[in-house]
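Single-letter residue listing:
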Amino acid sequence: MGVRRVRRGAVAPAGPPARSSWRPCRLSGRRGGAAMGRAAQLLLLLLAAGRAGASLAGAPGVHSLRGSWWLRNGNGSVVLRGEVPGCVHTALHRQGLIQDPYYRFNDMMYRWISLDNWTYSRSFQTPFDIRKWQKVNLVFEGLDTVSEILMNNITLGRTDNMFIRYSFDITSVIKEVNFVEVRFLSAISYAAEQSRYHKAYSIPPACPPPVQKGECHANFIRKEQCSFSWDWGPSFPTQGIWKDVRIEAYNHYNLIYFSVSSFFVNSAQLWSLEIESIFDVVSSKPVAGLVTVSIPELQTQQTFSVKLQPGEGSIVLLVNINKSSIVEAWWPNGHGKQTGYDMISTFILEPGYQIEKFSKAYFRTVELVQEPIPGSPGLSFYFRINGRPIFFKGSNWIPADSFQDRVTSDTLWLLLKSATDANMNALRVWGGGVYEQDEFYDICDELGIMIWQDFMFACALYPADGNYLESVRAEVSHQVRRLKSHPSIILWSGNNENEAAIASNWFSIPYADREVYIKDYVTLYVKNIREIVLTEDKSRPFVASSPTNGLESVKEGWLSQNPYDTHYGDTHFYDYSSDCWKWTVYPKTRFASEYGFQSWPSFSTIEKVSSTEDWSYTSNFSLHRQHHENGNDQMLQQIGLNFKLPRSTDPIKKFKDTIYLTQKLAQLGESVAACSTLVGPFPQLGPLMKLSGDARECWPSIIHHCSKCCTVTPCFRVMQAQCIKTETEFYRFSQSEIIKGEGHTMGALYWQLNDIWQAPSWASLEYGGKWKLLHYFAQNFFAPLLPVAYEDKGLLNIYGVSDFHVDHPVTLRIIVHSWSSLEPVCTLAEDNVTVKAQSAVPIYKESISDLLERCRNCTRKSCVITFCLVGEGGLQSPVNHHFLSSLKDAVGLEKPQLNAFISQQDDLYIFVLKTTAIAPFVYLDVGSIKGRFSDNGFLMTEKKKVVVFYPWEPTSVEELEKSLTLTSLVDVD
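Residues numbered from 1 in each chain as written. Predicted model: local features only at pLDDT ≥ 70, side-chain atom pairs only at ≥ 80, totals over all residues. Heavy atoms only, no water.

Q: Quick rundown of the overall build of the protein? Include the residues and the values.
A: Within the protein, the regular secondary structure consists of 21 helices and 48 strands. Counting all 973 residues of the protein, 64% fall into the buried class. Nonlocal contacts in the protein, meaning residues at least 24 apart in sequence, comprise 73% of its contacts between residues at least 6 apart. In the structure as shown, the protein presents an accessible area of about 35600 Å², 51% of it carried by carbon and sulfur atoms. (Helix = DSSP H or I, 4+ residues; strand = E, 2+ residues; numbered from the N terminus. Buried < 20%, exposed > 50% of the residue type's maximum accessible area, 1.4 Å probe, protein only. Contact = heavy atoms within 4.5 Å. Areas by Shrake-Rupley, 256 points an atom, 1.4 Å probe, with all protein chains shown as cover.)

Q: Now, about unusual backbone geometry: what can you tell me, with residues and values included?
A: Here Pro-204 and Pro-205 are connected by a cis peptide whose omega angle stands at 0°. Structurally, Pro-205 is set in the loop between helix H5 (187–197) and strand S11 (228–230). Residue Pro-547 follows Ser-546 across a cis peptide bond; omega there is 0°. Of note, the phi angle at Cys-459 is positive, near 50°, even though the residue is not glycine. Inspection of the secondary structure puts Cys-459 in the loop between strand S26 (450–454) and helix H8 (466–483). Of note, the phi angle at Trp-558 is positive, near 80°, even though the residue is not glycine. Mapped onto the fold, Trp-558 is located in the loop between helix H11 (551–555) and strand S29 (571–573). We classify Trp-558 as buried; its relative accessible area is 17%.

Q: Go over the packing of helix H6 (residues 409–421) against helix H7 (residues 438–447), please, and point to the residues and values.
A: Where H6 contacts H7, the axes come no closer than 10 Å and their chain directions differ by 35°. The chirality of how H6 crosses H7 is right-handed. Counted together, Ser-409, Leu-412, Trp-413, Leu-416, Lys-417 and Thr-420 of H6 and Glu-439, Phe-440, Ile-443, Cys-444, Glu-446 and Leu-447 of H7 form the full contact between these two elements. Looking at the contact of H6 with H7 residue by residue, the classes come out as seven nonpolar, two polar and three charged. (Axes fitted to C-alpha atoms, helices over the stretch in contact; angles between N-to-C directions. Left-handed = near helix turned anticlockwise from the far one by under 90°. Nonpolar A, V, L, I, M, F, W, Y, C, P; charged D, E, K, R; others polar.)

Q: Give me the lowdown on helix H10 (residues 514–536), citing residues and values where you can.
A: With 23 residues, H10 ought to run about 33 Å at 1.5 Å a step, and its terminal C-alpha atoms sit 32 Å apart, in line with that. The sharpest bend along H10 measures roughly 30° and falls at Thr-523. (Expected span 1.5 Å × (residues − 1). Bend = angle between axes of the 7 residues up to and from the residue.)

Q: Requested: an account of the confidence of the model for the protein, with residues and values cited.
A: Looking at the protein, the pLDDT average stands at 88 and 86% of residues meet or exceed 70. The model gives residues 1–57 a pLDDT under 50, and that stretch makes 123 contacts with residues more than four places away or in other chains. Across residues 665–713, confidence stays below pLDDT 50; counting only partners more than four residues off in sequence or on other chains, it has 136 contacts. (pLDDT = per-residue confidence, 0-100.)

Q: Before we move on, can you summarise the sheet that holds strand S38 (residues 824–835) with the specific residues and values?
A: What links the strands of a sheet is backbone hydrogen bonding, and the strands pair in either a parallel or an antiparallel sense. Pairing within the open sheet is antiparallel, and its four strands lie in the order S38-S37-S40-S41. Lying at the two open borders of the sheet, with one neighbouring strand each, are S38 and strand S41 (880–883). The mean inter-strand angle of the sheet, taken between neighbouring strand axes irrespective of direction, is 20°. Where strand S40 (residues 863–871) lies against S41, four bridges are found, and the strand directions are antiparallel. By the bridge assignment for S41, Thr-866 is matched with His-881. (Pairing = 2+ DSSP bridges.)

Q: Any chance you could break down H8 for me, citing the residues and the numbers?
A: In an α-helix, one turn spans 3.6 residues, which is why side chains three or four residues apart end up on the same side. If you check H8, its first and last C-alpha atoms are 26 Å apart, about what 18 residues at 1.5 Å a residue would give, namely 26 Å. Judged by how many residues are buried, H8 sits mostly within the fold: 13 of 18 residues are covered.

Q: Before we move on, could you go through a negative patch on the surface and cite the residues and values that matter?
A: Together, Glu-953, Glu-958, Glu-959 and Glu-961 give the surface a local cluster of negative charge. Note on placement: Glu-958 falls in helix H21 (residues 957–963). (Patch = residues over 30% accessible without salt bridge, like charges linked within 9 Å, V, L, I, M, F, W, Y side chains within 5 Å. Salt bridge = Lys/Arg side-chain N within 4 Å of Asp/Glu carboxyl O. Lys, Arg positive; Asp, Glu negative; His and termini not counted. Charge placed at Lys NZ, Arg CZ, Asp CG, Glu CD.)

Q: Any chance you could break down the environment of Lys-943 for me, citing the residues and the numbers?
A: Among the secondary structure elements, Lys-943 is positioned in the loop between strand S46 (938–940) and strand S47 (944–951). Between the C-alpha atoms of Lys-943 and Thr-916, which are 27 residues apart in sequence, the distance is 6.5 Å. What Lys-943 contacts, discounting residues up to four positions off in sequence, is Leu-822, Glu-823, Leu-913, Lys-914 and Thr-915.

Q: Report on the sheet that holds strand S21 (residues 366–369), specifying residues and quantitative values.
A: Spatially, S21-S22-S23 is the arrangement adopted by the three strands of the open sheet, whose pairing is antiparallel. In the strand order of this sheet, the two ends are held by S21 and strand S23 (388–390), each with one partner. Within the sheet, the average angular offset between the axes of one strand and its neighbour, ignoring direction, is 35°. With four bridges joining them, S21 and strand S22 (residues 382–385) adopt antiparallel strand pairing. By the bridge assignment, Glu-367 is partnered in S22 with Arg-384.

Here it is, written out as structure tokens:
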């Protein structure tokens, strides 16, 4: 597998553009333009034959202003060249004026950049005769954020919203040679100023927690909220022209938005398409003509007579698909194909003036089902796609970088393909980031990733004054019009956690003042955002918040008393103190849209932005990068519940071992006990690491003074992976049952998929795309066929979980191993097991004591259980495991001799692993070599295992051998 995408649109060279850059515009659709084919060409010939003189000669023209611009700061002391699209930080970095902003403490060192005011400017030569065009616009697809736009020293307008498309009429301003300026104001200064203007009452929170090292009043500016910092990300409030900028010139009319939505008409049993086109009509009189829509592959072509009045107007066309054609629907990953059809829409509304739009038509329906469940209070909460209930398997998406111009098509493809490679079918685009670029949704369409799309409001209350609401309305209209053609978008959601913020009183609002904030909440999300969404897009559902009680929240006036009620809607759940291996900790919710545990990224990722003195768990760097309050302590506590911590005296090895265990789990209890004998007793220090406040303060001292104490970073990774595995499997086996009124869980979206920088976080993909152990675990716990075990009152229960659309007869194989031997203690087989389609059903139940009695010489501490499902035609589930005790209590574990033989087969690399003993959580790491393994972090119970490495860049056997490290839990010392 290789990254294979190229960013669309070359960057223009510095200096005045050549006249060749001026071109008639075939307003080509996403991915559709290059796939016209012979059928489309035939259509054009027919159109030309039917209407003599119809041509593209009069079509709109586009002149790009991408490329090199001048940048200067407020007092002119810094002047440099910078690329557009781009931002000030990346321009300074590319010119060598600053280091990588992510290096060490540069997020604090470079705060001055965001506090300054920066101006972008450039000159360009007009590449056409102004007199030939009725209207010329200067169009910015995205400005970040507060700016004044000038052309030839005339102010065109001002901007205050990062998420709006701005178009300025420059017909009377443009000359033969022009000078454009975009004067940005510091987002930090603007947000503070807006907060001061809002004198009637406060809008909390004023500032982020100190541990986040961020900026204040993010809720007063329509900008990427996490750019002011978050508990997993840095503070970089950027300035810049972050999307495309161009000149558009046209006569008569210009197509601004074009969207395609599909519907299935039950009464007629046919598919139809609603095609909406929004125009700027500059003619002084109405324009009329014909629109022809053609989908050659579906033998569908319809022509419509249309008429547009002067001003902004829209055309809505209903195209019925030929009944004799077989339409393939778009399906989520794992449930069918992601079929799309090439569609050509030709507009001839004035003689000799023709616009063609090449796009894709997708066919899928979506329903959010909220209805009573027999035997349970409350309502269901699940999605039907094309009439079929779909269990959502996936994660949450945050911005892939603090600097959006560094997020290339290759970056998006790598991260999103990694999601589907881990058997995911859904992602939630979280509301504190950005509405992603078109390419993101194109790839999701292609890969079958369903998108729960938040609007960009998160973890805060927001103003509801007139100017703010006007800006939000423009934002929502633009984004819905821009994105609604994508079949991957399944749901619009108004915000992240703001219903819960009011209901749970996060911000300590006096009860007497509560109604003011409830009114603002309803005004913003219901009376404005919801109303616009329902007007603009009838093809998918809307919820006001996440988490929410759905229809119950609506019933309670859009703000439920308890948005975390497991009988309704979706839930977010975090618990860092309870033992994450115990399934009883987790809520049996209808839909789990957020849950997770932190870990550190790998050493090879941290190494790029740090120096030698940083490679300690308690270094200033490690503490600086942890933006979650008590995050490091919480990871240590979880590790200590089931693992032993490393005790190496080599500080770098300790740091690496710590990283390993945060992605897995470590031996904290013994380390603490050993340390106590050296530096004295500390209250509450024990095997469970339940630290009191005093003990927590002493913990850095313990690590510093105790030569036997740990670096816990690898521990965190194992811990994270095992915790989220347990929780996700709980949600998957809860989908078909109701226990004490709870259950029918139909979604598991863990927090979070990707990282924004190199730091501890909840992500399963590191910054740069490297897979953490969690992501390898996700590949298994999201498998379409999976056996899941849990223990209840001494009984071992195994469920068969299936995403398949038909029942499958399988055999359940159970193998019991002693930790001290690679030879199985006993093997059991349950034949004639049926795994039901799209269900989770119990397939095995036995008391642990009876099972161990059948398997001689086994106790809870000395043995481990593995199991899998095997069916006909090569059907097989991943091998799963059930630990009978904490691994820190395991008896008989020996230190294995692990080695690997590497060979090459075509573009892949084969790793043949051998072990001399059972090895828990075997982790292969090839450092900075980009790629992923077919499996990792596994329990190795056989002498030999074959693992495939899929490189993302050219490498060799020699490079892999040089970079490879093999680690298992027993190697951490």
